[in-house]
Amino acid sequence: MKIALSGIKFICSLRDVRRENDKLGTEYQQSLEESKITFQFIDAIFTVCGYLTLRNFVTTFPVDKYYKGTKWGEKNYFCTMQVLKDMDWDKPIGRDKLSELLWDYENADLRHAYIEFTTAMSAIYRAQTGKGIAEQWCDDMGIPIYTMNKETGIMKNNRTGDIVKLGKTSHIRVVK
């Protein structure tokens, strides 16, 4: 339990450092090798989490007490408990079942770790194919992908090459 908790907290602290650096304007692009190491590290932590029983998992990573999910169409405490009631609480979760559980489990630290995991996976996939996982999915589904040039305010459709110049909208203001 301690290894799983320490690993997840470490991943979240790395994420926090990256976010603070982005706020300060010192953007750092993670290399492919670093993405592979991040992916392997998080996968190892998830493997350790898979050895935990559901009872120990819930004790180590308590379900967030967020109850307004149905109002906003989001997952919440009740959705998580609905999934957990059908599982055996005294049996190890297993690495394969962990991904399914994390999809429905409402815990901020686990969600952030899973985001880091999929981000590293997408970076590795991009190095192999030239496209990230989300871009490949959009291509497969026929959803257009746009690239935004922030300096000129021009958006380009990556599939057709159409260019759209964004105008200023009067009803939207930047809040600082």
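Basis of the calculations
Residues numbered from 1 in each chain as written. Predicted model: local features only at pLDDT ≥ 70, side-chain atom pairs only at ≥ 80, totals over all residues. Heavy atoms only, no water. Patch = residues over 30% accessible without salt bridge, like charges linked within 9 Å, V, L, I, M, F, W, Y side chains within 5 Å. Areas by Shrake-Rupley, 256 points an atom, 1.4 Å probe, with all protein chains shown as cover. Salt bridge = Lys/Arg side-chain N within 4 Å of Asp/Glu carboxyl O. Helix = DSSP H or I, 4+ residues; strand = E, 2+ residues; numbered from the N terminus. Buried < 20%, exposed > 50% of the residue type's maximum accessible area, 1.4 Å probe, protein only. Pairing = 2+ DSSP bridges. Axes fitted to C-alpha atoms, helices over the stretch in contact; angles between N-to-C directions. Parallel < 35°, antiparallel > 145°, perpendicular 65-115°, else oblique. Left-handed = near helix turned anticlockwise from the far one by under 90°. Contact = heavy atoms within 4.5 Å. Nonpolar A, V, L, I, M, F, W, Y, C, P; charged D, E, K, R; others polar.

S.K.: In this structure, what is going on with a nonpolar patch on the surface? I would like to understand it.
M.R.: A cluster of nonpolar side chains, namely Phe10, Leu14 and Phe41, defines an oily patch on the protein surface of about 250 Å² accessible area. As for its position among the elements, Leu14 is in helix α1 (residues 2-24). Using a relative accessible area of 35% as the deciding quantity, one classes Leu14 as partly exposed.

S.K.: Help me out: how do you make sense of the sheet that holds strand β2 (residues 154-157) in this one?
M.R.: What holds strands together in a sheet is hydrogen bonding between their backbones, with the strands either parallel or antiparallel. Taken together, the three strands give an open sheet; going across it, the order is β1-β2-β3, and neighbouring strands pair in antiparallel fashion. Two strands lie at the open edges of the sheet, namely β1 (146-149) and β3 (163-165), each paired on one side alone. This sheet shows a mean twist of 20° between the axes of neighbouring strands, independent of strand direction. Where β1 meets β2, four bridges bridge the pair, whose relative direction is antiparallel. Paired with Met148 across the two strands is Met155, which belongs to β2.

S.K.: Help me out: how do you make sense of the packing of helix α2 (residues 32-51) against helix α7 (residues 108-129) in this one?
M.R.: A packed helix pair is summarised by two numbers, namely the angle formed by the two axes and the spacing between the axes. Between α2 and α7, whose axes approach to 9 Å, the crossing angle comes to 140°. It follows that α2 is oblique to α7 by the angle criterion. Note that α2 runs across α7; the crossing there is left-handed. Only Ala113, Tyr114, Glu116, Phe117, Ala120, Met121, Ala123, Ile124 and Ala127 of α7 make contact with α2, whose side of the interface consists of Leu32, Ser35, Lys36, Thr38, Phe39, Ile42, Asp43 and Phe46. Among the residues forming the contact of α2 with α7, the class breakdown is twelve nonpolar, two polar and three charged.

That is the geometry; function is a separate question.
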